[in-house]
Amino acid sequence: MLGGCANDSGGNGVQSEKLSTIRSRGKLLCGVDGKLPGFSFVESDGRYSGLDVDICKAVSAAVVNDPDKIEYRDLNSSERFAALASGEIDLLSRNTTETLSRDAAGGNGLSFAPTTFYDGQGVMVPVASGVKTLKDLAGKPICVESGTTTELNLADRMRELKVAYNPLKFQTGDQTYTAYLGGRCLAVTSDRSQLAAKRTGFPDPKAHELLTEVLSKEPLTPATVNADPAWADAVRWTIYGLMQAEELGITQANVAAKVAEAKANPNLADLRRFLGVEGDFGKQLGLPPDFVVKAVSAVGNYGEIFERNVGQNSKLKLERGLNRQWKEGGLIYSPPFR
């Protein structure tokens, strides 16, 4: 159990300044991209949508009992870590790759939650360019956003291939893709999911293709600061709850029925504890007993979130691939709720 005898404002026996602050404020401050379809995007009516946004909503539901009590902050790649460190945001849910230097206390000092999207870096080119491999880009300009793992990965791969190239670096994603569409570079590189998302907004999406080469591993992961481990645990296990709910077949549509089933049958020990009918999992995290129920009721389980935003029920229509449940050969795996 965390925290000893000191309490947060929820009175759950867990010491967390961040949990107390969020509850006193009455809303979650969540850092997102805001311009990336499928992950975080502002719709025409002003609503935020996307996989990263749904993670914010699940956490808000678990912490303040309302998935809509969120103030979103649009952050570019150079702003995101400073915003988290300063307290401008409580949670960063913005297509951010987990790395050693970002996690380490001697680096950015982040505390990473479970990975919510396993990705890899790719390169996009105009179909008419005839480019099929990285070696075809020798001596050519490639657009890349500075201050990202993308920039370093590109340099590393081209160094390995002994291919000279011309990196055109930009501070924001908007600048990067505007330059690419304007013909200033022959290719643009980023996470493959981001390239696919951005392509949906191009004047002629079919005129652009992703090379088959994958330059890196990119586990895209929400993050908090490591100075408040109780808050990090609350975020971590809320997300694990979404993943475990999918494994158990608990959905946004049937979660209430599953709770009723658990209450009616005292022999369903694991289900009762997972849904907060008995036990003290929520108390150990500084959250309500039914924090998983609140999260799934708000946004559905992990599979529902994926398919709605980036999968087959979305404009992106990405395959789940590594983002399948572990029983189906993927990497989505929740530790036991025990």
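Located above this text is the structure these notes cover.
Residues numbered from 1 in each chain as written. Predicted model: local features only at pLDDT ≥ 70, side-chain atom pairs only at ≥ 80, totals over all residues. Heavy atoms only, no water.

Moving on, we get to the pattern of salt bridges. Using the criterion set out here, one finds 19 salt bridges in the structure. A salt bridge links Asp-174 to Lys-35; its shortest N-O distance comes to 2.7 Å. Here Asp-174 is found in helix α6 (residues 173–181), whereas its partner Lys-35 is found in strand β2 (residues 35–36), with 139 residues between them in sequence. Judged by relative accessible area, Lys-35 falls into the partly exposed class, the value being 43%. Across the pair Asp-45 and Arg-47 runs a salt bridge, and its minimum N-O distance is 2.7 Å. One network of salt bridges, in which partners are shared, links Lys-27, Glu-71, Arg-73 and Glu-88. (Salt bridge = Lys/Arg side-chain N within 4 Å of Asp/Glu carboxyl O. Helix = DSSP H or I, 4+ residues; strand = E, 2+ residues; numbered from the N terminus. Buried < 20%, exposed > 50% of the residue type's maximum accessible area, 1.4 Å probe, protein only.)

Our next topic: the sheet that holds strand β9 (residues 121–126). Through backbone hydrogen bonds, the strands of a sheet pair up, either in parallel or in antiparallel fashion. Sheet architecture is open: 5 strands sit in the order β11-β10-β12-β9-β13, paired in mixed fashion. Lying at the two open borders of the sheet, with one neighbouring strand each, are β11 (166–170) and β13 (208–210). Strand after strand, the sheet turns through a mean of 30° between neighbouring axes, direction not considered. The pairing of strand β10 (residues 141–145) with strand β12 (residues 187–191) spans 2 bridges and is classified as parallel. Across the sheet, the residue bridging to Cys-143 is Val-188, located in β12. This element, helix α5 (residues 149–161), spans β9, β10, β11 and β12 of the sheet and lies at about 145° to β10. (Pairing = 2+ DSSP bridges. Axes fitted to C-alpha atoms, helices over the stretch in contact; angles between N-to-C directions. Contact = heavy atoms within 4.5 Å.)

Bringing helix α9 (residues 255–264) into the picture now. Those residues of α9 lying buried are Val-255, Val-259 and Ala-262. Take α9 and look down its axis: the buried residues cluster within an arc of 65°, on one side only. Facing away from the buried surface of α9 by more than 90 degrees, the exposed residues are Ala-256, Ala-257 and Ala-264. Next to the buried residues of α9 lie α10 (269–274) and α12 (291–299). (Arc of directions from axis to C-beta.)

Before going further, it helps to examine the side chain of Ser-314. By the element assignment, Ser-314 lies in the segment after α13 (302–309). On the basis of relative accessible area, Ser-314 is assigned to the buried category, the value being 8%. A polar atom in the side chain of Ser-314 sits 3.2 Å from the backbone oxygen of Val-310. Looking at Ser-314, its side chain comes within polar contact range of the main-chain oxygen of Gly-311, at 2.7 Å. With near-sequence residues (within four places) excluded, Ser-314 lies in contact with Glu-307, Arg-308 and Asn-309. (Polar contact = N/O pair within 3.5 Å; in protein donor to acceptor, adjacent residues only side chain to side chain.)

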